[in-house]
Amino acid sequence: MIMSEASWHHDTIHTNGIKLHYVTQGEGPLMLMLHGFPEFWYSWRHQIPEFARDHKVVALDLRGYNDSDKPEAQSAYVMAEFIKDIKGVIEGLGYARCVLVGHDWGGAIAWSFAYAYPELIDRLIVLNLPHPAKFAEGLRTPQQLLRSAYIFFFQLPILPELLIQLNDFQVLEAAFKGMAVDKTTFSDDDIEAYKNAFAKRDTLTATLNYYRNMFEQGLTTSDWGILTVPTLLIWGEADAALGKELTYGTEKYVQDFRIRYIPNCSHWVQQEQPQLVNQLMREFLGESGIGSRE
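About the thresholds
- Residue positions within a chain follow its written sequence, with the count starting from 1.
- Note on the predicted model: pLDDT of at least 70 is required for a residue's local features to be given, and 80 or more for side-chain atom pairs to be given and counted; whole-chain, interface and lining totals, by contrast, use all residues.
- The side-chain quantities take in all heavy atoms of the structure and omit both hydrogens and water.
- Secondary structure follows DSSP: runs of H or I at least 4 residues long count as helices, runs of E at least 2 residues long count as strands, and numbering of each begins at the N terminus.
- Atoms considered for the radius of gyration are the C-alpha atoms alone. The globule rule reads 2.2 Å times the number of residues to the power 0.38.
- In this analysis, two residues are considered to be in contact whenever any of their non-hydrogen atoms come within 4.5 Å of each other.
- A simple rule labels every residue: compare its accessible area, found with a 1.4 Å probe on the protein chains alone, to the largest value its type can have, and call it buried under 20%, exposed over 50%, or partly exposed in between.
- Within 3.5 Å is the distance limit for a polar contact, defined as a pair of N or O atoms, with the added protein rule that one can donate a hydrogen and the other accept it, and that residues adjacent in sequence qualify only through two side-chain atoms.
- Only rings of Phe, Tyr and Trp enter the pairing, Trp through its six-membered ring, and a pair is recorded when the two centres are within 6.5 Å. The plane angle decides the type: under 30 degrees is stacked, over 60 is edge-to-face, the rest tilted.
- When a carboxyl oxygen of Asp or Glu lies within 4 Å of a side-chain nitrogen of Lys or Arg, that pair is called a salt bridge.
- Should DSSP find at least two bridges between two strands, the strands are taken to pair.
- Throughout, an axis means a line fitted to C-alpha atoms (over the contacting stretch in the case of helices), and angles, computed between N-to-C directions, take values from 0 to 180 degrees.

Trainee: Sorry, what's going on with the overall build of the chain here?
Mentor: Secondary structure summary: the chain contains eleven helices and eight strands in total. For 294 residues, the compact-globule estimate of 2.2 N^0.38 gives 19 Å, and the chain sits close to it at 18 Å. Principal axes of the C-alpha set define a box for the chain whose edges measure 50 × 45 × 40 Å. Considering only residue pairs separated by 6 or more positions, the chain has 76% of its internal contacts joining residues 24 or more positions apart.

So this is what it looks like as structure tokens:
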């Protein structure tokens, strides 16, 4: 089920007053991977062994997810705290810089972290999450509002948690297999892994709190400057949640920008087309020497 699992190491790190769980493999420059919703470190199972050949790969469970701490207060799930978490991880692992990779919510955190601490990032790689300014623009269009209807549903108390748990978390299977173009992307074991992660105490409310704080912390504003970190955006074109048009014009906000589209591929891009995603990441990282360690 999992490639090279025997050589992966599970560990925890204390950062920003909480404990985060992660899986790591390899040695060398740091590559830090941030997953999305409704996922956990496991979403990077196809990337960890590939990049562990020449990096120390660290795939986090974000706060609120799987085996990481789940602060009770809703106010704990805001971008300012996520950014502090990531800064603490980089420094706590003994690194001065990293290659930062993020998908979905992990991509949103990666974008914001790159603006806050560009000096800590050698390269930024984001998968199927638009630049925050482009997402804000998209939320003013009927088509993206329709695709993002789930975000508004998640604002409700209690009801989303109840519905997600119904029929042994059937909605998770529907989200992964239903959105995937290639229906063989997710095995039964993969779906069980996601269900088991979300069945852990307090996980549902913690992860939904990411959405419940979205409109109070500036994530939907378009007041962003020019990012100087070299950036690669990888985009599965058949994303049911985020339209391809959200990527258009990103170069206005990123000084050194590349975008690679993958046709016939869903939102779960690094799981549905892992070999191609790995190749695109390799090409981007190979453009110059990457990484440094103190």
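Trainee: Hey, could you run me through unusual backbone geometry in this one?
Mentor: A cis geometry characterises the amide bond from Phe37 onward to Pro38, with omega recorded as 0 degrees. Assignment of secondary structure puts Pro38 in the loop between β3 (30-34) and α1 (48-51). Non-glycine residue Asn167 carries a positive phi angle of around 50 degrees. With respect to the helices and strands, Asn167 occurs in helix α7 (residues 159-179). Under the relative-accessibility criterion, Asn167 is labelled exposed at 64%.

Trainee: Would you mind showing me how to read the side chain of Ser148 here?
Mentor: Note on placement: Ser148 falls in the loop between α5 (142-147) and α6 (149-153). At 2.8 Å, the side chain of Ser148 and the side chain of Gln144 are in polar contact. Once residues lying within four places of it in the same chain are set aside, the contact partners of Ser148 are Phe135, Leu139 and Ala241.

Trainee: What should I look at first to understand the packing of aromatic side chains in this one?
Mentor: How two aromatic rings sit relative to each other is given by the distance of their centres and the angle of their planes. Taken as a whole, this structure holds 27 aromatic pairs when the rule is applied. Taking the centre distance of 4.4 Å and the plane angle of 15 degrees together, the rings of Phe82 and Tyr210 count as stacked. Residue Phe82 is found in helix α2 (residues 79-92), and its partner Tyr210 is found in helix α9 (residues 203-212); the two are separated by 128 residues along the sequence. The exposure classification of Phe82 matches that of Tyr210, with both residues buried. Between Tyr115 and Trp224 the ring centres are 4.9 Å apart and the planes differ by 65 degrees, which places this aromatic pair in the edge-to-face class. A residue pair is termed long-range when its members are at least 10 positions apart, and Tyr115 in helix α3 (residues 105-116) and Trp224 in the loop between α9 and β7 (231-236) qualify at 109 residues.

Trainee: Looking at this structure, I do not really get the environment of Phe154. What am I missing?
Mentor: Looking at where Phe154 falls in the secondary structure, it is placed in the loop between α6 and α7. With a relative accessible area of 8%, Phe154 lands in the buried category. Placed 56 residues apart in sequence, Phe154 and Tyr210 show a C-alpha to C-alpha distance of 9.5 Å. Other than its neighbours up to four places away in sequence, Phe154 contacts Phe37, Pro160, Ile164, Leu208, Tyr211 and Arg212.

Trainee: Can you walk me through the pattern of salt bridges in this structure?
Mentor: Side chains carrying opposite charge are able to pair once their charged atoms draw close together. Scanning the entire structure with this criterion turns up 20 salt bridges. In this structure, Asp202 and Arg201 form a salt bridge, with 4.0 Å as the shortest nitrogen-oxygen distance. Residue Arg201 is classed as exposed on the basis of its relative accessible area of 72%. Among the charged side chains, a network of salt bridges with common partners joins Asp168, Glu173, Lys177, Asp188 and Lys195.

Trainee: Help me out: how do you make sense of the side chain of Glu161 in this one?
Mentor: With respect to the element layout, Glu161 can be found in helix α7. For Glu161, a relative accessible area of 8% puts it in the buried group. A polar contact is formed between the side chain of Glu161 and the side chain of Arg212, at a distance of 2.9 Å. With residues up to four places along the chain from it excluded, the contact list for Glu161 reads Leu204, Thr205, Leu208 and Arg212.

Trainee: Honestly, the sheet that holds strand β1 (residues 9-15) in this entry has me stumped. Any pointers?
Mentor: Two pairing modes exist for strands in a sheet, parallel and antiparallel, and in both the strands are linked by backbone hydrogen bonds. Read across the sheet, eight strands follow the order β1-β2-β4-β3-β5-β6-β7-β8 without closing on themselves; strand pairing throughout is mixed. Each edge of the sheet is formed by a strand with only one pairing partner; in this case those strands are β1 and β8 (257-262). Between one strand axis and the next, the sheet turns through 20 degrees on average, direction left out of account. On top of the sheet, α2 reaches β1, β2 (18-25), β3, β4 (56-60) and β5 (98-103); it is set at about 115 degrees to β1, its chief contact.

Geometric descriptors of this kind do not, in isolation, establish any biological role.
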